[in-house]
Amino acid sequence: MNFLSYPQPLAELIAALSRLPGIGPKTAGRLAFWLLQQPQAADSLAQTITRAKNSIIECSVCCNYTDKDPCEICSSNMRDKSLLCVVEQPRDVVALEKTREFKGNYHVLHGVLSPLEGIGPEQLSIQKLLQRLDGVNEIVMALNPTVEGEATALYLSRLLKPAGIKVTRIAHGLPVGGDLEYADEVTIARALEGRRQL
């Protein structure tokens, strides 16, 4: 039986697209064919990716992605400089900013400690965090509630303890609209730990 294979450039495009997070081989194939059928959209996408790649940098203060240094948040006089929120990724800053509740500054680690993946303190922006403690009274750990996120938060709190800075953790628990019967034990336990008076 003779199977028709993709031309090499198309196979390479599908392979490249399938390396994107959340994109499997079938979706990558559909995207590749769509891009070939929409040459103007493909050109525009390629130019947009190149422009973003060439103009986005890390803020020298908080390590967030920005197109100017320092970023808008770090250069704002309206932010509370005594309050610092530590997050894993730049997209976490966007999520927190959407709430319009946090008025302090941020620090992006660009990951969490994960010895199994070879990610230690040297691969994260921990040294930059330690260099910006002047005037900071509280550091809020807003890391994901994973084993790695918890280990990173604990590691950082131990590093920061000698500086006399208050280290807090965001509450974890049930989402709005969630049902107790479908929540796991850890989520329920965290919800109970983070309870507050009404």
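These notes cover the structure that comes with them. Residue positions are counted from 1 within each chain, in the order its sequence is given. For a predicted model such as this one, the threshold for reporting local features is a pLDDT of at least 70, and the threshold for listing and counting side-chain atom pairs is 80 or more; totals across whole chains, interfaces and linings nevertheless cover every residue. In computing side-chain values, all of the structure's heavy atoms are included and hydrogens and water are not.

### A short note on the overall build of the protein
At step 1: Across its full length, the protein holds eight helices and six strands.
At step 2: Strands are runs of DSSP state E lasting at least 2 residues, helices are runs of H or I lasting at least 4, and numbering of each runs from the N terminus. Helices (α) and strands (β) of the protein occur, in sequence order from the N terminus, as α-α-α-β-β-α-β-α-β-α-β-α-β-α.
At step 3: For a compact globule the rule gives 2.2 Å times the number of residues to the power 0.38, and the radius of gyration it is set against comes from C-alpha atoms. Taken over C-alpha atoms, the radius of gyration comes to 22 Å for the protein, far larger than the 16 Å a tight globule of 198 residues would show.
At step 4: Each principal axis of the C-alpha atoms in the protein carries an extent, and together these give about 70 × 45 × 35 Å.
At step 5: Buried residues are those whose accessible area, probed at 1.4 Å on protein chains only, stays under 20% of the maximum for their type, while exposed residues exceed 50% and partly exposed ones sit between those limits. For the protein, with 198 residues in total, the buried portion stands at 29%.
At step 6: Here the contacts in the protein between residues at least 6 apart in sequence split such that 47% fall between residues at least 24 apart. Note on contacts: a residue pair qualifies if any of its non-hydrogen atoms lie within 4.5 Å across the two residues.

### Examining the pattern of salt bridges
At step 1: A side-chain nitrogen of Lys or Arg and a carboxyl oxygen of Asp or Glu constitute a salt bridge if their distance falls within 4 Å. As enumerated under the stated definition, the model contains two salt bridges in all.
At step 2: A salt bridge links Glu-97 to Arg-79; the shortest N-O distance between them is 2.8 Å. Pair noted here: Glu-97 is in helix H5 (residues 90-99) and Arg-79 is in the loop between helix H4 (72-75) and strand E3 (80-87), with a separation of 18 residues, a long-range link.
At step 3: Residue Glu-150 pairs with Arg-169 through a salt bridge whose shortest N-O separation is 2.8 Å. Of the two residues, Glu-150 is situated in helix H7 (residues 147-160) and Arg-169 in strand E6 (residues 166-169); the sequence distance between them amounts to 19 residues.
At step 4: Residue Glu-150 is classed as partly exposed on the basis of its relative accessible area of 26%.
At step 5: Judged by its relative accessible area of 27%, Arg-169 falls in the partly exposed class.

### Points about the packing of helix H2 (residues 25-37) against helix H3 (residues 39-55)
At step 1: Here an axis means a line fitted to C-alpha atoms, over the contact stretch when the element is a helix, while the angle between two N-to-C directions is reported on a 0 to 180 degree scale. It is at 5 Å that the axes of H2 and H3 come closest, and there the two elements cross at 110°. As far as their axial angle goes, H3 and H2 are roughly perpendicular. Facing Trp-34, Leu-35, Leu-36 and Gln-37 of H2, the residues of H3 in contact are Pro-39, Ala-41, Ala-42 and Leu-45.
At step 2: Put simply, Ala, Val, Leu, Ile, Met, Phe, Trp, Tyr, Cys and Pro go in the nonpolar bin, Asp, Glu, Lys and Arg in the charged bin, and everything else, Gly too, in the polar bin. Here the contact of H2 with H3 is composed, by residue class, of seven nonpolar, one polar and no charged. Between 65 and 115 degrees an angle is taken as roughly perpendicular, under 35 as roughly parallel, over 145 as roughly antiparallel, and anywhere else as oblique.

### Structural notes on the sheet that holds strand E5 (residues 138-141)
At step 1: When DSSP finds two or more bridges between two strands, those strands count as paired. Spatial ordering of the open sheet is given by E4-E3-E5-E6, a layout of four strands whose pairing is parallel. Every other strand in the sheet has two partners, leaving strand E4 (104-108) and E6 as the edge strands with one partner each. With direction set aside, neighbouring strand axes in the sheet form an average angle of 25°.
At step 2: Most of the contacts of H5 go to E4, to which it runs at about 155°, and overall it touches E3 and E4.

Read these as spatial facts, not as claims about activity.
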